[in-house]
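Listed below, chain by chain, are the residues.
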Amino acid sequence: MIVDILDLGMQPIANAFIDSKDVDKESFYRLIATYDTDMYSFSQKNILNPDDMFNSNYAYFSSNSKPMVEHFRKTAELLQKQNPKSVLEIGSNDGCFIKNFPIDTSVCIEPSSNLANLTDILGYKTYDEFFALHIVDKLLKTHGKFDLIYSANCICHIPSIDGVLESVSQLLSDDGMFVFEDPSLLSMIQKNSYDQIYDEHPYIFSILFINKITSKYNLEIKKIDTLSVHGGSNRIYVGLKNGKNIDKSVQYNIDLEKENGLDKLETFVNFSNNVYQSKLDLLLLLESIFEEGKKVLSYGATSKSTTIFNYCGIDSDLIECVSDTSDTKIGKLTPGSHIPIYNRSDINLNEYDYIFLGAWNFKDYIINNEKEWIENGGKLITHVPTVHII
Ligand code: SAH
């Protein structure tokens, strides 16, 4: 049974930061999250056409995030220990991960052509298209099977997980590994970080779901690493099914998710109530700050904050501006909520009393970057796991 769990209202395309002249051209859709009591999957009801999100205007460049550059360097180092002879990356973005691997044995798939162009220029064979079953034959004929198929923050973007797994089962070499990292459903529920839910994430994966669905495609989970990136993610290692080399982290995570009720509808009903409470608390806090005549800016023009701003009805009265460092966002407005985005270096932080952590998952990094302002009395607001001032 598939149940509607959470209605996050009308939302724009989360990463479509707009020019002020284009505000009337924005389109909205209803963001509803559902839970499948048989498969334990958590997904969106109204999935957008991927072409509307992943095209030549895609604004997220992994390499703009220093913590992610470091994360991918370390991940590559870890995966190189297996000595993969060939690597395929799905959703290679600007090459942040793949550039740690040799050009002649690595292949990229990236449908956002502005990004595909970047790995192409670096010399990597790049397919400027969506990873899907229909390109498997072409990949096999040109490159053969792969020892490592890697994908970060991308598989949960693909509407057909069945298509992904069927393709992977055909593309993996006998001892090959499909390694993918995506936000963890358990983390989201524990942190009440409902802002993980936005158009680009048709799914937020539980291990329980991946465990069930891989078995349909002659695949099985071999190992799981628990990661802190993106507010809590799982790195899931999947291989061809043979019952061999299954790490104890697999059963550990299955048990942990069951202990935390990810197999029970009731858990998601509670989550939905907590999200509504979070909205009320955030609005009350921002309104009281506004009435005191104090000012708030949000740190990081993120897709996550698009969900929060539009669900809570936050506009530039409550949050005056958003700071960011990426050229594709500076000078634009946040989707739906139309809050101006300024270059961090053009903002005098001393004019602000509070920072809202739009990029709450980079909290430590932000605290470190803005130490001086904090020492002078600046305060941070977060909604994770409950709305509070840090
Ligand atoms: N892997 C990077 C980028 C994540 S953003 C990181 O973790 O930082 C998601 C990326 O996946 C975008 O670059 C997007 O264009 C790409 N993408 C979306 N759907 C895809 C699909 N079906 N196949 C391959 N890439 C896809």
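A. Structural view of the overall build of the protein chain. The helix and strand tally for the protein chain stands at twelve helices and 17 strands. The C-alpha atoms of the protein chain give a radius of gyration of 21 Å, which matches the 21 Å a tight globule of 390 residues would have. Counting only C-alpha atoms, the protein chain reaches 65 × 50 × 40 Å along its principal axes. Out of the 390 residues belonging to the protein chain, those deemed buried represent 56%. Here the analysis covers contacts within the protein chain between residues at least 6 apart in sequence; of these, 67% occur between residues at least 24 apart. For the protein chain, the accessible surface area stands at approximately 16,700 Å², while carbon and sulfur atoms represent 49% of it.

B. Summary view of the packing of aromatic side chains. Counting across every chain of the model gives 15 aromatic pairs. Relative to Phe271, the ring of Phe42 has its centre 6.2 Å away and its plane inclined at 75°; by these criteria the two rings are edge-to-face. Within this pair, whereas Phe42 is found in strand β3 (residues 41-44), its partner Phe271 is found in helix α9 (residues 265-291), the two being separated by 229 residues in sequence. The residues Phe42 and Phe271 share a single accessibility class, namely buried. A ring pair is formed by Phe178 and Phe180, whose centres lie 4.8 Å apart and whose planes are at 20°; its orientation type is stacked. Here the aromatic residues Phe178, Phe180, Tyr203, Phe205 and Phe209 are joined through ring pairs into a cluster of three or more.

C. Here's a closer look at the pattern of salt bridges. For the coordinates displayed, the defined rule picks out 18 salt bridges. Among the salt bridges present, the one from Arg73 reaches Glu77, with a minimum N-O distance of 3.0 Å. Of this pair, Arg73 and Glu77 are both found in helix α2 (residues 66-80), four residues apart, which corresponds to roughly one turn of the helix. Exposure remark for Arg73: the relative accessible area of 36% places this residue in the partly exposed category. Judged by its relative accessible area of 46%, Glu77 falls in the partly exposed class. Between Glu181 and Arg235 there is a salt bridge, with the nearest N and O atoms lying 3.0 Å from each other. Placement of the pair is Glu181 in strand β8 (residues 172-183) and Arg235 in strand β11 (residues 233-240), with a sequence separation of 54 residues. Of the two residues, Glu181 and Arg235, neither departs from the other in class, the shared state being buried. Residues participating in the shared-partner salt-bridge network are Asp19, Lys21, Asp22 and Lys25.

D. Summary view of the state of the cysteines. This structure, assessed with the given rule, holds zero disulfides. Not part of a disulfide, Cys96 finds its nearest cysteine sulfur in Cys108, a span of 12 Å. Cys96 gets classed as buried once you look at its relative accessible area, which sits at 2%.

E. Spotlight on α9. The end-to-end C-alpha distance of α9, which contains 27 residues, comes to 40 Å, matching closely the 39 Å that a straight helix rising 1.5 Å per residue would cover. Along α9, the positions that sit buried rather than exposed are Thr267, Phe268, Phe271, Ser272, Val275, Ser278, Lys279, Leu282, Leu283, Leu285, Leu286 and Ile289. Among the residues trailing α9, Gly293 stands out with phi positive, at a value near 80°.

F. Representation of the site of the ligand in the model. Residues in close proximity to the ligand total 20 residues, the closest being Ser62, Glu110, Ser112, Ala152 and Asn153. Contact distances for the ligand include 2.8 Å between an oxygen atom and a side-chain N or O atom of Asn153. Computed on the free molecule, the ligand has an accessible area of 570 Å², of which 97% lies beneath the protein chains in the complex. Partitioning the shell around the ligand into residue classes produces 13 nonpolar, six polar and one charged.

Cut-offs applied
- Residues numbered from 1 in each chain as written.
- Predicted model: local features only at pLDDT ≥ 70, side-chain atom pairs only at ≥ 80, totals over all residues.
- Heavy atoms only, no water.
- Helix = DSSP H or I, 4+ residues; strand = E, 2+ residues; numbered from the N terminus.
- Rg over C-alpha atoms; globule rule 2.2 N^0.38 Å.
- Buried < 20%, exposed > 50% of the residue type's maximum accessible area, 1.4 Å probe, protein only.
- Contact = heavy atoms within 4.5 Å.
- Areas by Shrake-Rupley, 256 points an atom, 1.4 Å probe, with all protein chains shown as cover.
- Phe/Tyr/Trp six-rings, centres within 6.5 Å; stacked < 30°, edge-to-face > 60°.
- Salt bridge = Lys/Arg side-chain N within 4 Å of Asp/Glu carboxyl O.
- Disulfide = S-S within 2.5 Å.
- Expected span 1.5 Å × (residues − 1).
- Near = heavy atom within 4 Å.
- Polar contact = N/O pair within 3.5 Å; in protein donor to acceptor, adjacent residues only side chain to side chain.
- Nonpolar A, V, L, I, M, F, W, Y, C, P; charged D, E, K, R; others polar.

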